[in-house]
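# Fold and contact review
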Amino acid sequence: MHRRTFLIAIGAGGLLAAVSAMAAPAVADSPAGTPGNGASSQAAVSTTGRYVVFRSVATNLVAGDTNGKADIFIRDRVANTTKRVSVTSGGAQANADSSRPSVSWEGRYVVFLSAASNLVPGDTNGKVDAYRKDLATGRLVRINTSAAGAQANAAADTVRVSADGNRIVFATTASNLVAGDNRPGDVFLRDMAAGALKRITEAVPSTQDLDNDYGVFADISPNGQISTFSTFYADPAFPGHYCGQAWVWSAGTGRSVVKATKCDDPEASRGYPQVYALNDGFAPVLHDGMLSEQVLVTRPAGYPSFTVRIDADCGRDVSGWGKAVVRDCAGQVHRIGNDGQTTIVAPGKEPAVSDDGLSVAYIDTSGAPSTWNQIRVWDRRTGTSTLISQR
């Protein structure tokens, strides 16, 4: 089933954001940095923007990278250092590709997915697994196991970590992580400090499946108290069409509840709702392939709020929930401000924003300083863009 979806996000307060271009800011790279000699992607930013994690097939970002696989790296923007994350507790290289990293606020913990079979002892399931790396100790642990340590019988897909690194959500089609699991796909919450595993999709009817068009259907708030996910199911009123539901799980209630439902328009290709987790609640993000729609986003106290409306005629999409980035159909990364103005940052795609709204990571597709796609971070405070995928 092909579903054409675009992200439309509205932040609390402010005027309708207009799309008007301004001159691109100057680029400031770290001294003597060597760009990656392979493509980089899937960037994620820590809460304050100091740390950026990303996926890369480059072999020159760290010494001894000879596995020929896509690895996960972390860049410290203050220390100007790059480290490889997707290695064993002893530092051995992964024997298969890794992907989709997420980082805790202080950069100590990084979670990611990997198809490697040699990252932890006893990995014989032949599936993509989820891992957490402790960069302070070097310890790597597999997350998507049962409470008793049994391996998952199906792949993990999507993994997110809370700000302190202790609570992690992941999605999987595995049926053996908890007793009585009869759903086609589930989202689980792993509490590393308590050593507990909880399925948070228990209330979802077995007729619904997880919505994974963008691989962002599971999220967790920085404080680990809110988790969100999306599902879809066949529309009983219109055969061949589908409905989507956005769910929110709260640690306070221990339950998941539906926050939004949207079905296909029989006359057009329409999208589905998703929600992203915030400390004080949730942020609905509406996917809509035909018409612009406004969605109110709740922002935590002290965080910048934005009002954004993006028309879908050129396939523009907003990255995140009321956050300050939009990529338009020309492949430009923009910042949307409360003043309704948009600044062209650089030719790029896949923008990701720090929780404080001040740092924007994106794939630079300009071809400079390397023909390979590179990861950059644009700093709203300085107006400069810094190369991240460098040695």
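The paragraphs below set out a description of the structure included in this document. All values reported here derive from a predicted model rather than from experimental measurement. Counting starts from 1 at the beginning of each chain's written sequence and moves along it residue by residue. pLDDT decides what is reported in this predicted model: residues at 70 or higher carry local features, side-chain atom pairs at 80 or more are listed and counted, and totals for whole chains, interfaces and linings draw on all residues regardless. Water and hydrogen atoms play no part in the side-chain values, which are based on all heavy atoms of the structure.

It is worth spelling out the overall build of the chain at this point. Counting from the N terminus, the helices are DSSP H or I runs at least four residues long and the strands are E runs at least two residues long. Across its full length, the chain carries 0 helices and 27 strands. Whether a residue is buried, partly exposed or exposed follows from its accessible area with a 1.4 Å probe, protein chains only, as a fraction of its type maximum: under 20%, in between, or over 50%, in that order. Considering the chain as a whole, with its 391 residues, one finds that 57% of them fall into the buried category. Contacts in the chain between residues far apart in sequence, at least 24 positions, make up 51% of those at least 6 positions apart. The accessible surface values rely on the Shrake-Rupley method and a 1.4 Å probe; as for residues, cover is taken only from the protein chains in view. Carbon and sulfur atoms provide 51% of the accessible area of the chain, an area that totals close to 14900 Å². By definition in these notes, contact holds between two residues if any of their heavy atoms fall within 4.5 Å.

Here the focus is the sheet that holds strand β5 (residues 81–84). Backbone-to-backbone hydrogen bonds join strands into a sheet, with any given pair of strands oriented parallel or antiparallel. The rule for pairing is simple: two strands pair if DSSP sees at least two bridges between them. If you walk across this open sheet you meet the 4 strands as β2-β3-β4-β5, and the pairing is antiparallel. The outermost strands of the open sheet, each flanked by one partner alone, are β2 (40–45) and β5. Shown here is a sheet whose adjacent strand axes are inclined to one another by a mean of 25°, direction ignored. As paired elements, strand β3 (residues 51–56) and strand β4 (residues 71–76) share 6 bridges and run antiparallel to each other. Each residue of the ladder has a partner; that of Val53, found in β4, is Ile74. Axis definition: a line fitted to C-alpha atoms, limited for helices to the stretch in contact. Angles are taken between N-to-C directions and run from 0 to 180 degrees.

What follows deals with the environment of Gly254. Following the sequence through the fold, Gly254 ends up in the loop between β17 (242–250) and β18 (255–263). With 54 residues separating them along the chain, Gly254 and Ile200 place their C-alpha atoms 8.1 Å apart.

This brings us to the packing of aromatic side chains. Geometry of aromatic contacts follows a simple scheme: Phe, Tyr and Trp rings, the Trp one being its six-membered ring, pair when their centres are within 6.5 Å, and the pair is stacked under 30 degrees between planes, edge-to-face over 60, tilted otherwise. Throughout the structure, instances matching the rule amount to 4 aromatic pairs. Both rings, one in Phe112 and one in Tyr131, keep their centres 5.7 Å apart while their planes meet at 25°; by these two values the pair is stacked. Placement of the pair is Phe112 in strand β7 (residues 109–114) and Tyr131 in strand β8 (residues 129–134), with a sequence separation of 19 residues. Like Tyr131, Phe112 is buried. Seen from their ring centres, Phe170 and Phe188 are 5.5 Å apart, and the 20° between their planes marks the pair as stacked.

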